[in-house]
Amino acid sequence: MAKLLFAKDAGFMGEYKALLNSRGENVDEAQVIAAQVIKDVRAHGFAHLQSLSQKFDKYELTQENFKITAAQIDDATNKCDSEVLKALEVAAQRIADFHEKSLPKDGFYEDADGIGMGWRWTAVDAAGLYAPGGLAAYPSSVLMNAVPAKVAGVSRILMATPPNKLHENPAILAAAKIAGVTDVYGVGGAQAIAAMAYGVEGLDAVDVIVGPGNAFVSSAKKLVFGDVGIDSVAGPSEVFIIADAGADAEILACDLLAQAEHDEQAQSILFTDNTAFGQKVMQAVEAQIASGIVAAPAAASWRDYCAVVIVEKLFDAIELVNIGAPEHLEIATENPDEFLPHVRHSGSVFIGHYTPESLGDYVAGPNHVLPTGRRARFSSGLSVLNFMKRTTLLRATKKGLENIGPYASVLARAEGLPAHGHSVDIRLKKYGE
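Residues numbered from 1 in each chain as written. Predicted model: local features only at pLDDT ≥ 70, side-chain atom pairs only at ≥ 80, totals over all residues. Heavy atoms only, no water.

Before going further, it helps to examine the sheet that holds strand 6 (residues 183-186). Hydrogen bonds between backbone groups are what pair the strands of a sheet, and the pairing can be parallel or antiparallel. Strand order in this open sheet of five strands is 6-5-4-7-8, and the pairing throughout is parallel. Strand pairing shows two members of the sheet lacking a second neighbour, strand 6 and strand 8 (229-230), which therefore form its edges. Summarising the sheet, strand 5 (residues 156-161) and strand 6 pair through four bridges and their orientation is parallel. Each residue of the ladder has a partner; that of Leu158, found in strand 6, is Asp183. (Pairing = 2+ DSSP bridges. Helix = DSSP H or I, 4+ residues; strand = E, 2+ residues; numbered from the N terminus.)

The next thing to look at is the state of the cysteines. By definition, a disulfide is the covalent link that joins the sulfur atoms of two cysteine residues. The full count for this structure, using the stated rule, is zero disulfides. The thiol of Cys306 is not disulfide-bonded; the next cysteine sulfur, from Cys254, is found 14 Å away. (Disulfide = S-S within 2.5 Å.)

The next thing to look at is the sheet that holds strand 12 (residues 328-332). In space, the six strands of this open sheet follow the order 1-11-10-9-12-13, with parallel pairing throughout. A single partner strand is all that each edge strand has here, and the edge strands are strand 1 (3-6) and strand 13 (348-351). Put simply, the sheet's adjacent strands are angled 15 degrees from each other on average, direction ignored. As judged from the four bridges shared by strand 1 and strand 11 (residues 307-310), these two strands associate in the parallel manner. Pairing of Leu4 across the sheet is with Val308, part of strand 11. Against the sheet, helix 1 (residues 12-20) engages strand 1, strand 9 (238-243), strand 10 (267-272) and strand 11, with an angle of about 150 degrees to strand 10. (Axes fitted to C-alpha atoms, helices over the stretch in contact; angles between N-to-C directions. Contact = heavy atoms within 4.5 Å.)

Ranked by size, the top nonpolar core spans 44 residues in total, and within it Leu143, Met159 and Phe387 carry the most contacts. Of all elements in the fold, only helix 5 (70-79), helix 6 (82-101), strand 4 (126-130), helix 7 (139-152), strand 5, helix 8 (171-179) and strand 7 (208-210) reach the threshold of two or more residues within this core. Broken down by element, the residue count for this core peaks at eight residues, all from helix 7. Excluding residues within four positions of it along the chain, Leu143 makes contact with Leu88, Ala91, Ala92, Ile95, Pro148, Ala175, Ile178 and Ala179. By size, the runner-up hydrophobic cluster in this structure holds 32 residues, among which are Phe46, Phe66, Val200 and Ile230. (Core = buried A, V, L, I, M, F, W, Y, C linked by side-chain atoms within 4.5 Å. Buried < 20%, exposed > 50% of the residue type's maximum accessible area, 1.4 Å probe, protein only.)

Listed below in structure tokens is the structure:
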């Protein structure tokens, strides 16, 4: 059973921080293997993809079946349940609407010294999306990763996914079509990340790689960062909930388990100021696990990594949330808006009794690719900005050059870079009065 912790206890903070830090895979071995895969793919190209596909996926990869054809994508789409297709289309449109509103604006201004300054935003040329093909094969993640790239203006969006199970979940290819993915390749694992980062025969390299994956995929993304951009290195999922005794215990139990069923290392933590209510929620969770209505990982997650924390005042939960910097935060209180301004660190916040985190996972619009493992302290969820870069602009008038140029010349010479200073001085001399 999950831990029941009391914030007033002497050793609470140590126990709370230990709980936050208790998860995470040992990635040392995965990093070593991923590094070798990347090295070999860079050295041997498509031939090594073939070897690894045979070894890990028992799949005979050829240039003929490497790229999934438009006919195969259409066939998968036609095999999808009509309700699933409709849900994907609704979700894609809502995700696009949200991200269009968050597109950054260009700007330019001229200051009193006669210096014009500004910035403009442009999309990367190509983005690669990794879509897992094992237990974690989520069409919703295809939408969440591909749609912002499309909105940002990326012209080439490709997806790599293990090919063996595509026939079992046609919604993966259907989601790719709906989201505007331009090319789909049947390759998985760290080798897919290497292929997208550096290119192989039949697949040109991309500029940014996004998408979830196992420890080998995550390690590979981390290793290629710097040669390409990546979204993040994600860990097990998590939800924190702040709730008063007026909330519905059965509903909160559902929300805690919705996160716990993602992964045996997922973490769900409830904060409340009412001990009896906290215990009631715990009993409701146990009853739902016993009923078998949740996915198998939930029981292990609830047992090993979840907790109910009893605080003396509900506002005390805010600082505990900020310390934990969770991927998701639900505020299920009578007046959630009074808590919201004080939340500094959370990937996404779900406000009020009618806003389950699951709504954000699928159709609401904000992205479900969010920082985990306390990374919300310094990073944000996936957005159009992951697929764009800002170019700064500078234009000096003659007056502007005369006003600030001499200071640049002084600093250049102070740094022992006389040619820098001379490039300013010669302009002042030739263009001066």
